[in-house]
Amino acid sequence: MVFLDISMPGLSGLDVAARLAAGARPPRIVFVTAHDQYAVDAFEHAAVDYLLKPVNLERLGKTVAKLKATLGAPAAASAIDAVQALLAQLSAQLLPGGAAGGAGAAGAGAGVGMNVGAAAAAGGTQPSAPAPVAAPLQWIRAAHGEETRLIPIEEVIYFQSNDKYTSVFLAGGESLIRTPLRQLREQLDETNFWQIHRSVIVAARHVAGTKTDFRGRLMVQLKGRPEQLVVSRNYVDLFRQM
């Protein structure tokens, strides 16, 4: 396992990662940096995780858990294999500093950060090959005050449509992304994220239970949070066995 910063004397962390990934037995790589704009490049080099400074103990613990999980599986045989396994359907406008929108800038223009999955290697594949199926979303690139944050999907409690934006509710506050909720839903793992209203998607692990209010509406209660979320009639069946 190798922990790398981005800015280093001599070769950059990305350069070192590229050389390590091209070896016969590439190590597991974690980037630790203050610069979130390099996240996409980091995952192109098969990074297991991307930690933003200052790193807190809880977030580091999640990285250690990911590393332990990957040790039970064989490492990628080559850099191309790693890229194929980690990159798919990246929106051009979300590439940091990219020509199609420059979403590397902070602000409410931030959106979904990356969707990892299968992708064709440079040079193309056979026309008859089946279309790759994108893996569920792993990261969210979101505006948080005057900063832009790279948020692991497991930290999200729920999403709520908010006029032109989507609010991302976390244990530590609320962030905004410009990705519409309907588009976001297509990139989420439906077993872990449940749509309960046309304007709300909630993380299943944060659902404590349900109750009926005085108006007869079904309400979702969250673990450790005071707010309750309305379940619309179209999604009531999701909770009939609870």
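Residues numbered from 1 in each chain as written. Predicted model: local features only at pLDDT ≥ 70, side-chain atom pairs only at ≥ 80, totals over all residues. Heavy atoms only, no water.

### A closer look at the confidence of the model for the protein
(1) Moving on: Overall, the predicted model of the protein reaches an average pLDDT of 73, with 67% of residues at or above 70.
(2) Moving on: The lowest-confidence element of the protein is helix H4 (residues 79–86), averaging 44 in pLDDT; the highest-confidence one is strand E11 (residues 200–203), averaging 96.
(3) Moving on: Long-range and interchain partners of residues 76–109, a stretch whose pLDDT sits below 50, account for 66 contacts in this model, where long-range means more than four residues apart.
(4) Moving on: In the predicted structure, residues 114–129 sits below a pLDDT of 50 and forms 41 contacts with residues beyond four places in sequence or in another chain. (pLDDT = per-residue confidence, 0-100. Helix = DSSP H or I, 4+ residues; strand = E, 2+ residues; numbered from the N terminus. Contact = heavy atoms within 4.5 Å.)

### A few points about a nonpolar patch on the surface
(1) Moving on: A surface patch of nonpolar side chains, about 670 Å² in accessible area, is lined by Met1, Phe3, Val55, Leu57, Leu60, Val64 and Leu71.
(2) Moving on: For methionine 1, the position within the fold is in the segment before strand E1 (2–4).
(3) Moving on: Methionine 1 sits in the exposed class, given a relative accessible area of 58%. (Patch = residues over 30% accessible without salt bridge, like charges linked within 9 Å, V, L, I, M, F, W, Y side chains within 5 Å. Areas by Shrake-Rupley, 256 points an atom, 1.4 Å probe, with all protein chains shown as cover. Salt bridge = Lys/Arg side-chain N within 4 Å of Asp/Glu carboxyl O. Buried < 20%, exposed > 50% of the residue type's maximum accessible area, 1.4 Å probe, protein only.)

### Comments concerning the packing of aromatic side chains
(1) Moving on: Throughout the structure, instances matching the rule amount to 4 aromatic pairs.
(2) Moving on: With 4.3 Å between their ring centres and 15° between their planes, tyrosine 158 and phenylalanine 169 make a pair best called stacked. In this pair, tyrosine 158 is assigned in strand E7 (residues 156–162) and phenylalanine 169 in strand E8 (residues 165–170), connecting sequence segments 11 residues apart.
(3) Moving on: Since its relative accessible area comes to 4%, tyrosine 158 is described here as buried.
(4) Moving on: Centre to centre, the rings of phenylalanine 159 and phenylalanine 193 are 5.9 Å apart; their planes meet at 45°, and the pair counts as tilted. Within this pair, whereas phenylalanine 159 is found in strand E7, its partner phenylalanine 193 is found in strand E10 (residues 193–197), the two being separated by 34 residues in sequence. The pair phenylalanine 159 / phenylalanine 193 is uniform in exposure class, with both members buried. (Phe/Tyr/Trp six-rings, centres within 6.5 Å; stacked < 30°, edge-to-face > 60°.)

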